[in-house]
Amino acid sequence: MSDIILGIESSCDDTSAAVIRDGWLLSNVIASQEVHRAFGGVVPELASRAHEQNIVPVVSEALSRAGVAASDLTAIAFTRGPGLLGSLLVGTSFAKALGLALDIPLVMVNHLQGHILAGFVKEEGVPVVQPSFPYLCLLVSGGNSQIVRVDSPTEFVILGQTIDDAVGEAFDKCSKMMGLGYPGGPIIDKLAAQGDASRFKFAKPHIPGLDYSFSGVKTSLLYFVRDEMARDPEFMEKNKADICASFQKTLIDILMDKLVKAAKQTGIREIAIGGGVSANSGLRARVQEEGRRRGWKTYLPAFKFTTDNAAMIAIAGWYHYLAGERTGLDVAPVSRMADF
Ligand code: KG4
């Protein structure tokens, strides 16, 4: 008999539901919340309210696109955390209510493990290319920057992580500071493609081991733009492509230095990336380039699986389900990774 898993994701500003059968994707519906754009960042209260409005239609649509009735479901996988607590509460409470009504098991999923396993979602007509275990995953999003050793679909060891800002946060905050808009990653990525990455230099951190830091480079950009603008108020407008290209290259250099170090230390040559920032074209190109040079096998997620989606929650939940894990109705969401 096959396992049909409903995945529910509501950790930030995307309400998503997906259905997979034995790891094959049947549907993946995402309702993104445009309401935050005007505020230059996610407003937690508005996100929770939008999730509450979206969750029922999004789940109904996912079941209908999958051609599956609620009564066919084997289990419900949901994001328990980390994320915004009010947002997580909507998905968690909905999963509990539906699980209780259908009398089927619940499986909680760590959102970050979902990002890491996004490449394991199988799709009809798409060749199955998956890393073998153990592999290293550079997990880069708006909330985290980590190098994770993945020993199996349910065993993860964090080798290094940011001690301050996440790399996505550096993209977003710097974009806002330069007046370019939100979310900053895709905007800087696009402008960087037209710029000269060697034109400006920004400070790189010196952090021991495999940990990251992105607050220094952010400050370095802030002071640079402030000083140049004092000399020429048009500076930003005239040079934004070169600034974005140079800034993006600095962030990618920082990420890659530690990834190369981790690969050398562990001897692992299976290298994947995941999370929202893994959509960055400069990072994708660099990972492939380093891979060719160093004899790595590299795995880049499909663009649609780089940002928050429930397909990755469903696949991660399925592996936990297969491992016999079940979540009780007394489960509560957690906002921080440390609480997981
Ligand atoms: O994984 P994600 O959707 O949300 C979580 O943080 O969980 O990641 C969102 C982050 C944002 O910081 C956004 O600016 C960044 O991913 N991002 C990008 C790109 N697309 C999204 N950063 C750099 N280049 C991109 N093309």
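Residue positions are counted from 1 within each chain, in the order its sequence is given. At least 70 in pLDDT is required for a residue's local features to be given in this predicted model, at least 80 for side-chain atom pairs to be given and counted, and no such filter applies to totals for whole chains, interfaces and linings, which use all residues. Hydrogens are left out, water is left out, and the side-chain values use all remaining heavy atoms of the structure.

Caption draft 1: Inspection of helix α1 (residues 44–66) at higher detail. A run of H or I in DSSP counts as a helix once it spans at least four residues, and a run of E counts as a strand once it spans at least two, with each numbered from the N terminus. What a helix is expected to span follows from its residue count: subtract one and scale by 1.5 Å. Along its 23 residues, α1 runs 30 Å from first to last C-alpha, staying within 8% of the 33 Å computed at 1.5 Å per residue. Here the term buried applies to any residue with accessible area under 20% of the maximum for its type, exposed to any over 50%, and partly exposed to those in between, with areas from a 1.4 Å probe on protein chains only. Among all positions in α1, only Ala47, Ser48, Ala50, His51, Asn54, Ile55, Val58, Val59, Ala62, Leu63 and Ala66 are buried. Contacts are residue-level and defined by heavy atoms, with any inter-residue pair within 4.5 Å sufficient. Buried residues belonging to α1 abut β1 (4–9), β2 (14–21), β3 (24–32) and α2 (85–102). Directly beyond the C-terminal end of α1, a positive phi value near 70° is found at glycine 67.

Caption draft 2: Quick look at the domain arrangement of the protein. Assigned domains of the protein: these are domain 1 (4–126 + 305–322) and domain 2 (135–301). Here the C-alpha centroids of domain 1 and domain 2 sit 27 Å apart. Listed by partner, the interface residues are 15 residues for domain 1 and 20 residues for domain 2. Throughout, the accessible surface (probe 1.4 Å) given up by two parts as they are put together, summed over both, is called the buried area. Summed over both sides, the interface between domain 1 and domain 2 buries roughly 1500 Å², with carbon and sulfur atoms accounting for 72% of that surface. Three residues stand out in domain 1 for area buried against domain 2, namely Leu112, Ile116 and Thr306, and they jointly supply 39% of the buried area on that side. Here a polar contact is taken to be a pair of N or O atoms separated by no more than 3.5 Å, where protein atoms must pair a possible hydrogen donor with a possible acceptor and residues adjacent in sequence count only if both atoms sit in side chains. The tally of links between domain 1 and domain 2 comes to two residue pairs in polar contact (both at pLDDT 80 or more). The domain boundaries here were taken from an automatic or database domain assignment.

Caption draft 3: Here's a closer look at the pairing of strand β9 (residues 270–274). Counting buried positions along β9 gives five out of five residues, so the element sits mostly inside the fold. What you see with β9 is no split at all: Glu270, Ala272 and Gly274 on one side and Ile271 and Ile273 on the other are buried throughout. The pairing of strand β6 (residues 135–140) with β9 spans four bridges and is parallel. Bridging across to β9, cysteine 137 finds its partner in alanine 272. Two strands qualify as a pair provided that DSSP identifies no fewer than 2 bridges between them. Here β9 pairs with strand β10 (residues 297–299) via three bridges, running parallel. By the bridge assignment for β10, alanine 272 is matched with tyrosine 299. The handedness rule is simple: strands pointing away from the viewer, and a clockwise path from the first strand over the helix to the second, make the crossover right-handed. The handedness of the β9 to β10 crossover, carried by helix α8 (residues 281–294), is right-handed.

Caption draft 4: Layout of the sheet that holds strand β7 (residues 145–152). Pairing is mixed in the open sheet, where five strands are placed in the order β8-β7-β6-β9-β10. A single partner strand is all that each edge strand has here, and the edge strands are β8 (155–161) and β10. With strand direction ignored, the average angle separating the axes of adjacent strands in the sheet is 25°. Simply put, an axis is a line fit to the C-alpha atoms, just over the touching stretch for a helix, and the angle between two N-to-C directions goes from 0 to 180 degrees. The sheet contacts of helix α7 (residues 235–266) involve β6, β7, β8 and β9, and relative to β6 the element is tilted by about 160°.

Caption draft 5: The site of the ligand, seen in detail. The immediate surroundings of the ligand are formed by 19 residues, with Gly142, Asp172, Asp189, Gly276 and Asn280 found nearest. In the model, an oxygen atom of the ligand is placed 3.3 Å from a nitrogen or oxygen of the glycine 143 main chain. Contact distances for the ligand include 2.9 Å between a nitrogen atom and a side-chain N or O atom of aspartate 189. Under the convention used here, a 1.4 Å probe and the Shrake-Rupley method define accessible areas, while residue burial counts only the protein chains that appear. Burial of the ligand by the protein chains amounts to 86% of its free accessible area of 550 Å². When atoms are counted within 2 Å of each cavity's grid points, the one that captures over half of the ligand is the largest pocket. Counting residues per element, the ones that place at least two in the shell around the ligand are α3 (111–117), α4 (167–177) and α5 (184–192). By the convention adopted, Pro, Cys, Tyr, Trp, Phe, Met, Ile, Leu, Val and Ala count as nonpolar, Lys, Arg, Asp and Glu as charged, and the other residues, Gly among them, as polar. Looking at the shell around the ligand residue by residue, the class counts come to five nonpolar, eleven polar and three charged. When residues of the shell around the ligand are assigned to domains, at least three map to each of domain 1 (4–126 + 305–322) and domain 2 (135–301). Any residue with a heavy atom positioned within 4 Å of a molecule or strand is treated as near that molecule or strand. Here a cavity means grid points, on a 1 Å grid over the protein atoms only, where a 1.4 Å probe fits yet cannot get out; a pocket means an open set of points with protein on both sides within 12 Å along at least five of seven lines; lining residues are those with an atom within 4 Å of a point. To decide whether a molecule occupies a pocket or cavity, check its atoms: if more than half lie within 2 Å of the grid points, it is inside.

Caption draft 6: Quick look at the layout of surface pockets. Grid points are joined across faces, edges and corners, and a volume is the space filled by probe spheres set on the points. Here the largest pocket defines a volume of roughly 1300 Å³. Looking at the largest pocket, it is lined by 44 residues, and the ones nearest its centre are Cys12, Asp13, Gly142, Asp172 and Tyr182. When residues of the lining of the largest pocket are traced back to their parent elements, those giving at least two are β3, α3, α4 and α5. Looking at the lining of the largest pocket, its residues break down into 14 nonpolar, 19 polar and eleven charged. Looking at which domains feed residues into the lining of the largest pocket, each of domain 1 (4–126 + 305–322) and domain 2 (135–301) gives three or more. The volume enclosed by the second largest pocket comes to roughly 350 Å³. If you trace the second largest pocket, you find 23 residues lining it, with Gly119, Val129, Leu300, Pro301 and Ala302 closest to the centre. Every element with two or more residues in the lining of the second largest pocket is listed here: α3 and β9.

Caption draft 7: Structural context of the sheet that holds β3. The mixed open sheet is built from five strands, whose spatial order is β3-β2-β1-β4-β5. The two strands at the open ends of the sheet, each matched to only one other strand, are β3 and β5 (106–110). This sheet shows a mean twist of 20° between the axes of neighbouring strands, independent of strand direction. Pairing analysis gives four bridges linking β1 to strand β4 (residues 75–81), with the strands arranged parallel. Bridge assignment links isoleucine 8 to a residue of β4, and that residue is phenylalanine 78. In the packing of α1 onto the sheet, contacts are made with β1, β2 and β3, and the angle to β2 comes to roughly 25°. Sheet contacts for α2: β1, β4 and β5; angle to β4, the most-contacted strand, approximately 155°.

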